[in-house]
Amino acid sequence: MAASDSSSGTLRSRVRRQEALAELGQRALESTDLDGMLAEGAAAATDALAVDACSVLELRPDGDAAVLRAGDGWDEDAVGSVTVPTDPDSWAGAAIRSAEPVVTDAERDDHGDDPFTPDRLAGRDGSVRIDGSVGICVGIGSSEEPWGVLCIHAPADRAFTDREIEFAASVADLLATAIENITERDRLESELETTVDRVTDAFFGLDTDWTIAYVNERARELIDPEGEGLLGENLWEAFPAAVGSTFEAEYHRAMETQEPTSFEEYFPPLEAWYEVHAYPSETGLSVYFRDVTDSKGTERELAETNHTLQQLYAITADRELSFDEKVDGLLALGRERLGLEGGFLARIDQAGDRFEVTHASGSNEQLRPGTVTPLSTSYCKRTIESEGLLAFTDSPLEHGIDADAYDEWELDAYLGGQVIVDGEPYGTLCFEDEATRSEPFTPAERSFVELATQWVSYELEQRAHQRDLVESERRYRTLVEQFPNGLVALFDETMEYTLAGGQILEEINTTGSDFVGQTVQQRYEGETRETFEANFDAALAGEHRFFEFERHDREWSAHAVPVEDDRGEVFAGMLMVQDVTESKAKQRQLRERETRLERFKAYTDDVLDAVDDVFYVLDETGDLMRWNETLTDVTGYTDAEVESMHALEFFEGEDATDISTAIADAFKTGHTRVEATVQTKDGTEIPYEFVASKLENPDGEPVVTGIGRDVTDQREYQQKLEGVVGDLEESNRRLEQFAYAASHDLQEPLRMVSSYLTLIEQRYADELDADGEEFIEFAVDGAQRMQQMIDGLLQYSRVDTQGDPFCPVDCEAVIDDVLADLEVRIDETDAEITAESLPQVYGDPGQLRQLFQNLLDNAITYSSNGTPRISVFADNNGETWQVSVRDRGIGIDSSDTDRIFQVFDRLHSHEEYDGTGIGLALCRRIAERHGGEISVDSQPGEGSTFTVALPTVPDADEEDEERARAPAREADTETDSPMESVTDE
């Protein structure tokens, strides 16, 4: 798969660079040829980084310039002849003075007088000229004692990764180590030669019987330091330890063969090595010798160092060993090489003040794996604070070790360095001893510890990166497999799929394995194949492409992008596809909706402009956001002028104040209504009524929108109407007075007629025949009916004028009172009357009692021949209570539902049902006084439901207002008669 390929390519590059460093490190340990070593380093850097050339520049003694000492990719005559400046402004000078590598930018194409020009560089194939610009410069040696510069040459567009820069720095470090080792070896050899030259004056002469005949001053210093005297002494008696040694054998051989001999031998009594040259003669033996003990020690040191480094390489390069086994071997090797009691690797946490030993070698029981102590009381605290190695062979306190740390650990000899992982302190690698060390740590010993810490740092970093790589690969594969609503695929340079996955595959009845191994040419046909080929080609060329296609009866959107390695080179491509069928359909629907909305907006604009009323939209500041043409037509202002105006600018004085208050009320309560006079541009005043409501615009911001209507005609009509209403009210008042007076005045003659008819019936009953009795009965009945009609008419006329003020009325109590009044009728008819939970309403208690008594009496009267079954119930619609009376009586035809509420309009004769024809008219009059209405829902033979709408009980403030508006009750000159039900018929 591509991710793995990419990671594998990166890993191969790292391994190649690591192998190059390992080989170069081995050569640095073994080589005695400095120029050859430098040339090999340059070649290794060129090959590992795949660049054009590499140069090693040595700083001249005066420090003003550096000369090309070795290189790869250069003409043969360039070495030793090319120099570069090292002033602070030059790239070489910057690298020498910097502790970090210097990476030049794209402007390095401008070489100026730079000797590193393409003309001086040899191409690898002899035909290609290499860009000589410098990419990476790394100082060789420390910034305090620089030796020179390592330069990596590459084209100006070549970018370097952090790993490549670190590799260049590592090559420079290895070259610095090699230079130090070889220089040190040359120095030691030079000192050895100087020493030899100095001790060649040591001479003694022997005669043929081995008697010492001459000893010069230098010889006495070397072999007779006590000054006991050697002249005349037998050599073998003076130096009995030489008997049987190389000295005796070589001297005898020289005398016997009369040939010179040379050898080196250690003489234990004097604890010294000697280089001996013996020249025989007939008279004896002349011996020249030099003390070479120091040079022998240096040679042993170099041999031991090389042997140790070879062992170090063997341990670290052994692939059969685990990391823990390698660390244990390294610690054991370090203890042996340094001659110290123990060694350990520790991990630290500076923020948490924690020091933990992870690996240990030696007999110190305090330093075992798992040991955890505060970092602040450990030697490693000082190690982390040191720029380089922390080294001392005695007197730890003089080297910055805290007294508390020394009291706890008591280590007198110590050599340790920092372990750095990804640029951050990980821990320390240290060697220690409780005893002091007689000799200081040599440069070779320090180099060993530095190499060991570098290797541990690298290995820990690699292990961390490997874990990250595995986790990254796992997450990547999971991402591919779980890619929502689509798929992700990787393809190589031949456009062959190497990996594919995604949740959509199951929906289209395919799997990732169906993709893997197939090329674009094999999987697609026609225009689809051409589309994929073109976009895959572009991705492999480094472009990011987006395209769309149709397949499997779906619409897809796709991205083809390049996949690059660490060097920025494209080696594969990635395809990301998502099913956009639904989103495309939604987009089409959205476009269609937008088109419809645009048409609708244009339509609404036309509609609003066609409206004669003013239409407007205001924001919270009162500025006009939208208006119709009527506003400009009425006010005389242009659209441009209106756009810059505030709503209050169309009003003056109190009208402006009223409009401002109305706008605020609209935003606060959600609606408003106000009348005000509009001031036009020419000064005309027009009365307008404005009604507005609060809304939200498409951005969710509150606005007020409404209509303004010219009420000039309405005001004139209102004035006329008010006059007519006044006249009608006066007429009604007179009619009511007339009806009351008429009904009141008619009662007395009617009572007289009734009385005399009763007297006639009583006195002359025996004298009347059947017809006479019937006539008298008809007359009495007519008079009684007339009395009922007069009483009903009187009640009807006094509904508005003689009613009580409104107050909260308990409907359940009212119904109970009515049932008590109708108790006799209920018993006579066996009526069944049920009442559900009834509310409190706001009204006149007496009139509501009359209303419900009339309705219940009618329900009993018109119950047909069966037992009356009547129910009373209520519903609430928020503003009013709907109280209903339902019966199972004879019912009413739908064509008569309006007639029954008319005065004296009867549906049945007196012979069928008794009544006056006023009862339901009176109910309607009472309902209207309460601001409500009465209606009936009925079918013949199925019964009727009479419903009256009554107001709910207002709150305290509203109740006070209602009472204030209630008309004063007019005084009646005559006491009301007891309440009786007035039936409809």
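Residues numbered from 1 in each chain as written. Predicted model: local features only at pLDDT ≥ 70, side-chain atom pairs only at ≥ 80, totals over all residues. Heavy atoms only, no water.

(A) The arrangement of the overall build of the protein chain in detail. Along its length, the protein chain carries 27 helices and 34 strands. Pairs at least 24 residues apart make up 55% of the contacts formed inside the protein chain by residues separated by at least 6 positions. (Helix = DSSP H or I, 4+ residues; strand = E, 2+ residues; numbered from the N terminus. Contact = heavy atoms within 4.5 Å.)

(B) Structural detail: empty space enclosed by the protein. For the structure shown, the criterion picks out five cavities of 30 Å³ or more. Size it by volume and the largest cavity reaches roughly 280 Å³. Along its surface, the largest cavity is lined by 21 residues, and Tyr616, Leu618, Ala647, Phe651 and Phe690 are the ones closest to its centre. At the level of secondary structure, the elements contributing two or more residues to the lining of the largest cavity comprise β23 (614–618), α18 (629–635), α20 (653–669), β25 (671–679) and β26 (685–696). Ranked by residue count, the leading element in the lining of the largest cavity is α20, at four residues. Partitioned by chemical class, the residues of the lining of the largest cavity number 19 nonpolar, two polar and no charged. Put simply, the second largest cavity is a space of about 190 Å³. In this structure, the second largest cavity is lined by 13 residues; those nearest its centre are Phe204, Ile223, Phe239, Phe247 and Tyr251. (1 Å grid on protein atoms, 1.4 Å probe; cavity = no way out; pocket = protein on both sides within 12 Å on 5 of 7 lines; lining within 4 Å. Points joined across faces, edges and corners; volume = space filled by probe spheres on them. Nonpolar A, V, L, I, M, F, W, Y, C, P; charged D, E, K, R; others polar.)

(C) Structural context of the pairing of strand β6 (residues 146–153). Where burial is concerned, most of β6 is hidden: seven out of the eight residues are buried. Judged from the six bridges that link them, strand β1 (residues 53–59) and β6 form a sheet pairing that is antiparallel. The residue of β6 that forms the bridge with cysteine 54 is isoleucine 152. Examined bridge by bridge, strand β5 (residues 134–141) and β6 share seven bridges and lie antiparallel to one another. Considered in β6, the bridge of valine 134 is made with histidine 153. The turn joining β5 and β6, which pair antiparallel and follow one another in sequence, is formed by four residues. (Buried < 20%, exposed > 50% of the residue type's maximum accessible area, 1.4 Å probe, protein only. Pairing = 2+ DSSP bridges.)

(D) Spatial organisation of a negative patch on the surface. A cluster of acidic side chains, namely Glu761, Asp766, Glu767, Asp769, Asp771, Glu773, Glu774 and Glu777, defines a negative patch on the protein surface. Here the negative patch gets four residues from one element, more than from any other, and that element is helix α22 (residues 770–797). With respect to the helices, strands and loops of the structure, glutamate 773 is situated in helix α22. (Patch = residues over 30% accessible without salt bridge, like charges linked within 9 Å, V, L, I, M, F, W, Y side chains within 5 Å. Areas by Shrake-Rupley, 256 points an atom, 1.4 Å probe, with all protein chains shown as cover. Salt bridge = Lys/Arg side-chain N within 4 Å of Asp/Glu carboxyl O. Lys, Arg positive; Asp, Glu negative; His and termini not counted. Charge placed at Lys NZ, Arg CZ, Asp CG, Glu CD.)

(E) Representation of the sheet that holds β1. In spatial order, the strands read β3-β2-β1-β6-β5-β4; together these six strands make up an open sheet with antiparallel pairing. A single partner strand is all that each edge strand has here, and the edge strands are β3 (83–85) and β4 (102–103). On the sheet, helix α2 (residues 34–49) packs against β1, β2 (65–72) and β6 and is oriented at approximately 70° with respect to β2. (Axes fitted to C-alpha atoms, helices over the stretch in contact; angles between N-to-C directions.)

(F) View of the environment of aspartate 605. Position of aspartate 605 relative to the elements: it lies in helix α17 (residues 581–610). For the pair aspartate 605 and asparagine 628, spaced 23 residues apart in sequence, the C-alpha to C-alpha distance is 7.4 Å.

(G) Region of interest: unusual backbone geometry. Residues other than glycine seldom take positive phi values, yet alanine 50 does so here, at roughly 55°. Summarising the element assignment, alanine 50 is placed in the loop between α2 and β1. The backbone phi angle of histidine 552 is positive, close to 60°, even though this residue is not glycine. Mapping histidine 552 onto the fold places it in the loop between β20 (545–551) and β21 (554–564). The class for histidine 552 is partly exposed, based on a relative accessible area of 38%.

(H) Representation of the side chain of asparagine 628 in the model. Note on placement: asparagine 628 falls in the loop between β24 (624–627) and α18. Judged by its relative accessible area of 1%, asparagine 628 falls in the buried class. Here aspartate 613 takes part through its backbone oxygen, which lies 3.0 Å from a polar atom of the side chain of asparagine 628. Here the side chain of asparagine 628 touches phenylalanine 615 through a polar contact of 3.1 Å, landing on its backbone nitrogen. Beyond its immediate stretch of four places on either side in the chain, asparagine 628 contacts Leu608, Asp609, Val611, Asp613, Val614 and Phe615. (Polar contact = N/O pair within 3.5 Å; in protein donor to acceptor, adjacent residues only side chain to side chain.)

(I) Representation of the sheet that holds strand β15 (residues 390–392) in the model. The sheet built from six strands is open, its strands ordered β14-β13-β12-β17-β16-β15 with antiparallel pairing. The two strands at the open ends of the sheet, each matched to only one other strand, are β14 (372–373) and β15. For strand β13 (residues 354–362) and β14, the ladder comprises two bridges, and the chain directions are antiparallel. Paired with phenylalanine 355 across the two strands is threonine 373, which belongs to β14. Relative to the sheet, helix α9 (residues 323–338) contacts β12 (342–349), β13, β16 (413–421) and β17 (424–433), its axis offset from that of β13 by approximately 70°.

(J) Just the packing of aromatic side chains, in detail. Evaluated as defined, the whole model comprises 34 aromatic pairs. Aromatic side chains tyrosine 497 and phenylalanine 515 sit 5.3 Å apart centroid to centroid with 80° between the ring planes, which places their arrangement in the edge-to-face category. Taken together, the residues tyrosine 497 in strand β19 (residues 497–501) and phenylalanine 515 in helix α14 (residues 512–515) connect sequence positions 18 residues apart. The two residues tyrosine 497 and phenylalanine 515 agree in class, both being buried. Both rings, one in phenylalanine 532 and one in phenylalanine 547, keep their centres 5.3 Å apart while their planes meet at 75°; by these two values the pair is edge-to-face. You can see phenylalanine 532 sitting in helix α16 (residues 526–540) and its partner phenylalanine 547 sitting in strand β20, a full 15 residues away along the chain. (Phe/Tyr/Trp six-rings, centres within 6.5 Å; stacked < 30°, edge-to-face > 60°.)

(K) Local environment of helix α23 (residues 811–821). Listing the buried residues of α23 in full gives Cys811, Val814, Ile815 and Val818. Taken around the axis of α23, the buried residues stretch over an arc of 95°, which confines them to a single face. Those residues of α23 that are buried are in contact with β28 (807–810), β29 (832–835), β30 (840–843), α25 (845–861) and β31 (869–876). The backbone nitrogen of glutamate 812 lies 3.0 Å from a side-chain oxygen of the residue at the head of α23, namely aspartate 810. (Arc of directions from axis to C-beta.)

(L) Quick peek at the nonpolar core. Core analysis: the biggest nonpolar cluster contains 36 residues, and Phe852, Leu855, Leu856, Phe946 and Val948 have the highest contact counts within it. Looking at this core, the elements with two or more residues in it are α23, α25, β31, β32 (880–886), α26 (919–929), β33 (934–939) and β34 (943–951). Broken down by element, the residue count for this core peaks at seven residues, all from α25. Here leucine 856 is in contact with Ile815, Val818, Leu819, Leu822, Ile833, Ile870, Val872 and Val885, once residues within four sequence places are set aside. Leu24, Val51, Ala70 and Leu150 belong to the second-largest nonpolar core, a separate cluster that totals 34 residues. (Core = buried A, V, L, I, M, F, W, Y, C linked by side-chain atoms within 4.5 Å.)

(M) Spatial organisation of the environment of alanine 314. Along the polypeptide, alanine 314 turns up in helix α8 (residues 293–317). What makes alanine 314 partly exposed here is its relative accessible area of 47%. For the pair alanine 314 and lysine 326, spaced 12 residues apart in sequence, the C-alpha separation works out to 9.7 Å.

(N) How the structure looks around the pattern of salt bridges. One pass over the full model with this rule turns up 29 salt bridges. When the shortest N-O distance is used, the salt bridge between glutamate 40 and arginine 27 registers 2.9 Å. One end of the pair, glutamate 40, is in helix α2; the other, arginine 27, is in helix α1 (residues 2–30), with 13 residues separating them in the sequence. Relative accessible area serves as the criterion here: at 32%, glutamate 40 is assigned to the partly exposed category. Between arginine 554 and glutamate 507 there is a salt bridge, with the nearest N and O atoms lying 3.2 Å from each other. With arginine 554 in strand β21 and glutamate 507 in helix α13 (residues 504–507), the pair connects residues that are 47 residues apart, well separated along the chain. One connected set of salt bridges, linked through shared partners, spans Arg673, Glu675, Glu689 and Arg715.

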